[in-house]
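# An overview of the molecular structure
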Amino acid sequence: MKFAVVKFPGSNCDRDMLNAAIKAGGEAEYVDYRETSLEGYDGVLIPGGFSFGDYLRSGAMASVAPITGAIKEAAAAGKPVLGVCNGFQILTEIGLLPGALIFNDTHTFISRNEVLTITNNETAFTSGYEKGEAVTFPVAHGEGHYYCDDETYDTLVENDRIVLTYNDNPNGSRADIAGVVNEAGNVFGLMPHPERALEKLLGSDDGLRLFEKMNAWEANHDHIH
């Protein structure tokens, strides 16, 4: 699998994302936000950071960047698209995932490890985990409160699209939601950082399995819900 790591002005987790893809056995290259094609790539990784300085609101400016059309095309083609932190915010802004990310209830920036629960292990992103398994990923955000209306929430629950929840909700997210997938199961957004959880020596290696499963996407596509 060859992944595109999309870089926007203000992205700051792009190297972590590139390293994660390579450590999991894949290939990865940076792609500039001014490009208009992702041809030749098997998957898309949108890293965290502060794209365009979070001007207007997180992910808003990135949502109209030239590369976003190609990201939508990749998603429509069934390719895996992963957005972490600011990447998750961008995916909601461009309409590939429902809901929105708003300011943390504390109105403070949170940076620490969080324990999370895998609530759906039947996606091609999370099939390497046990259902109900506790994992530790770092979080680092000021706008990580996942918000959605009642209708959207009911749809997420009914279709088992809530993949990851916080054990000790740090930001006020509805129903402790930390990550969701799209209806087809090939677009995953989450606020915690699995790409920073690759080495036990650094606190956790729980994120590596996510990237390993993405690298085995074609063999696991039957797991998509």
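Structural data are supplied above this passage.
Rules of the game
- Residues numbered from 1 in each chain as written.
- Predicted model: local features only at pLDDT ≥ 70, side-chain atom pairs only at ≥ 80, totals over all residues.
- Heavy atoms only, no water.
- Pairing = 2+ DSSP bridges.
- Helix = DSSP H or I, 4+ residues; strand = E, 2+ residues; numbered from the N terminus.
- Axes fitted to C-alpha atoms, helices over the stretch in contact; angles between N-to-C directions.
- Contact = heavy atoms within 4.5 Å.
- Salt bridge = Lys/Arg side-chain N within 4 Å of Asp/Glu carboxyl O.
- Buried < 20%, exposed > 50% of the residue type's maximum accessible area, 1.4 Å probe, protein only.

Read across the sheet, nine strands follow the order β2-β1-β3-β4-β11-β10-β9-β6-β7 without closing on themselves; strand pairing throughout is mixed. Strands with a single pairing partner mark the edges of an open sheet, and in this sheet they are β2 (27–32) and β7 (134–141). Geometrically, the sheet is characterised by an average inter-axis angle of 25° between neighbouring strands, direction not taken into account. Where strand β10 (residues 177–181) and strand β11 (residues 187–190) come together, three bridges link them in antiparallel fashion. Looking at the pairing, Val-180 lines up with Gly-189 of β11. Across the sheet, helix α1 (residues 14–23) touches β1 (2–7), β2, β3 (43–46) and β4 (81–84), and the angle it forms with β2 is around 155°.

Let us now look at the pattern of salt bridges. Side-chain pairs of opposite charge can arise where the charged atoms are in close proximity. Applying the stated rule across the entire model yields 10 salt bridges. Arg-57 serves as the salt-bridge partner of Glu-93, at 2.7 Å between the closest nitrogen and oxygen. Here Arg-57 lies in the loop between β3 and α2 (68–76) and Glu-93 lies in helix α3 (residues 86–93), a separation of 36 residues in the sequence. A relative accessible area of 27% places Glu-93 in the partly exposed class. In this structure, a network of salt bridges that share partners links the residues Glu-133, Asp-206 and Arg-209.

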